[in-house]
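# Close look at the chain arrangement
Each chain is listed here by its residues.
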Amino acid sequence: MSVSGFSIDWLSMREPADREARDQVLLQSARQWLQAAGAQPATVVDLGAGTGSTLRTFIGSHDAELHNYPPLHWRLVDQDAALLAEARRRHSLHTGLEVYELDLMRTETLPLADARLVTASALFDLVSAEFVQRLLDAMAEQSVSQKPALYAALNYDGSTDWTPVHPLDGAVLAAFNLDQQRDKGFGPALGPGATDYSLEQCERLGYEVYTASSPWQLDGKDSELVAALIDGIAQAVNGNPAIDAAALQDWLQFRHAHVATGSCRVGHTDLLALP
Ligand SMILES: C[S@@+](CC[C@H](N)C(=O)[O-])C[C@H]1O[C@@H](n2cnc3c(N)ncnc32)[C@H](O)[C@@H]1O
């Protein structure tokens, strides 16, 4: 889910919750797929890489000393030069790291040659059905020997459950999920339908597809993230005719008043498609 744009601060704020949420079985299967490539360091292409959260997840550490373990070549693709510069800065010791400043929608320019795995996190709910089609076509075309696998993690599933509840929660969620389908530069966004659509398309092409739930489970320890989430949701639904402005202010105040003591579950799904 993206609620606050893609600043370094927002991505850094959500990264611990994302790391905690990722399904460990699928992540381990993706790692095993890379290890099964043999002696050569395998190549991973991370789409919408931001500052490199997926890379850090795969190497299992934020410790600069471990930046070269395991030996993988990473191609980080994003359209945001500042985020890629931050990824480079954080991983300056990583010898097998390349960054590509590209618009993902230009799928013909994606650096997919010889990729063993294509990854994405918190991206597929932003993209369109057309993008998924074009990406899968490009993956099939560009790999000489074997198609790469796809690991698309942390796709928002349309559920957000708050404790304690507020009478406006349902209406806010419905309006937010509508906003999730707004065009984010790829055409109409898949939003909460991202995993189901990707699963169908991958299965149609003969991939073996696995999905698993990867919800954020947030409470007082995540208060900074929860506060930003609340503001982002309110901003997204503000102006929706189904939401009364005064009621939304009440919802905002109530939610902020319970940031430290309440909890919130935001549903996501991870997907791994093996050729
Ligand atoms: C929600 S962020 C996720 C970043 C990162 N994967 C993570 O989990 O921290 C989505 C990322 O996709 C990138 N992005 C969005 N639209 C893009 C496009 N059309 N081309 C390239 N990158 C794009 C944004 O710049 C941002 O870094």
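The rules behind each value
- Residues numbered from 1 in each chain as written.
- Predicted model: local features only at pLDDT ≥ 70, side-chain atom pairs only at ≥ 80, totals over all residues.
- Heavy atoms only, no water.
- Axes fitted to C-alpha atoms, helices over the stretch in contact; angles between N-to-C directions.
- Helix = DSSP H or I, 4+ residues; strand = E, 2+ residues; numbered from the N terminus.
- Parallel < 35°, antiparallel > 145°, perpendicular 65-115°, else oblique.
- Contact = heavy atoms within 4.5 Å.
- Nonpolar A, V, L, I, M, F, W, Y, C, P; charged D, E, K, R; others polar.
- Buried < 20%, exposed > 50% of the residue type's maximum accessible area, 1.4 Å probe, protein only.
- Near = heavy atom within 4 Å.
- Polar contact = N/O pair within 3.5 Å; in protein donor to acceptor, adjacent residues only side chain to side chain.
- Areas by Shrake-Rupley, 256 points an atom, 1.4 Å probe, with all protein chains shown as cover.
- Phe/Tyr/Trp six-rings, centres within 6.5 Å; stacked < 30°, edge-to-face > 60°.
- Left-handed = near helix turned anticlockwise from the far one by under 90°.
- Arc of directions from axis to C-beta.
- Pairing = 2+ DSSP bridges.

### Points about the packing of helix α1 (residues 8–21) against helix α4 (residues 81–90)
One way to put it is that α1 packs onto α4 with a least axis distance of 10 Å and a crossing angle of 55°. The angle between α1 and α4 places the two elements in the oblique class. Residues I8, L11, S12 and E15 of α1 form the contact with α4, whose participating residues are A82, L83, E86 and R90. Residues that form the contact of α1 with α4 fall into these classes: 4 nonpolar, 1 polar and 3 charged.

### Some thoughts on unusual backbone geometry
Residue P164 follows T163 across a cis peptide bond; omega there is -5°. Its place among the elements puts P164 in the loop between β5 (149–163) and α6 (169–179). A positive phi angle, near 60°, is found at D114, a position not held by glycine. Given a relative accessible area of 54%, D114 falls into the exposed group. With a phi close to 55°, A122 is a non-glycine residue in the positive phi region. Residue A122 is classed as buried on the basis of its relative accessible area, which comes to 17%.

### Concerning the site of the ligand
Not every one of the 17 residues close to the ligand is listed here, only the nearest: G48, D78, D103, L104 and S121. At 2.6 Å, a side-chain N or O of D78 approaches an oxygen atom of the ligand. Contact distances for the ligand include 3.2 Å between a nitrogen atom and a backbone N or O atom of Q79. When the free accessible area of the ligand is taken as 590 Å², the share hidden by the protein chains comes to 98%. Split by residue class, the shell around the ligand holds 9 nonpolar, 5 polar and 3 charged.

### Re the packing of aromatic side chains
In total, this model carries 6 aromatic pairs according to the counting rule given. Both rings, one in F124 and one in F131, keep their centres 6.4 Å apart while their planes meet at 80°; by these two values the pair is edge-to-face. Both residues of the pair, F124 and F131, count as buried. On the numbers, 5.2 Å between centres and 70° between planes, the contact of F131 with F186 is edge-to-face. Here the residue F131 occupies a position in helix α5 (residues 129–142), and F186 occupies one in the loop between α6 and α7 (194–204), the gap between them amounting to 55 residues.

### Description of the packing of α5 against α7
Between α5 and α7, the least distance of the axes is 11 Å, while the angle of their chain directions is 30°. Of the possible angle classes, the one that applies to α5 and α7 is roughly parallel. Both α5 and α7 take part in a crossing whose hand is right-handed. Where α5 abuts α7, its residues A129, V132, Q133 and L136 lie against Y197, S198, Q201, C202 and R204.

### Side note on the environment of A49
Along the chain, the position of A49 falls in the loop between β1 (42–47) and α3 (53–59). On the basis of relative accessible area, A49 is assigned to the buried category, the value being 7%. When the C-alpha atoms of A49 and L76 are compared, they prove to be 5.4 Å apart, with 27 residues separating the residues in sequence. Excluding residues within four positions of it along the chain, A49 makes contact with L76, V77 and D78.

### Quick notes on α4
L83, L84, E86 and A87 are the residues of α4 that are buried. Taken down its axis, α4 places every buried residue within 155° of arc, on the same side. Looking at the buried positions of α4, the neighbouring elements they touch are α1, β2 (72–78) and β3 (97–101). Taking the backbone nitrogen of A82 as reference, a side-chain oxygen 2.9 Å away marks D80 as the first, capping residue of α4.

### Looking at the environment of G170
With respect to the secondary-structure elements, G170 resides in helix α6. We classify G170 as partly exposed; its relative accessible area is 48%. For the pair G170 and T160, spaced 10 residues apart in the sequence, the C-alpha separation amounts to 9.2 Å.

### Section: the pairing of β2
Burial within β2 is extensive, with 6 of its 7 residues counted as buried. The pairing of β1 with β2 spans 6 bridges and is parallel. Directly across from A42, in β2, lies its bridge partner L72.

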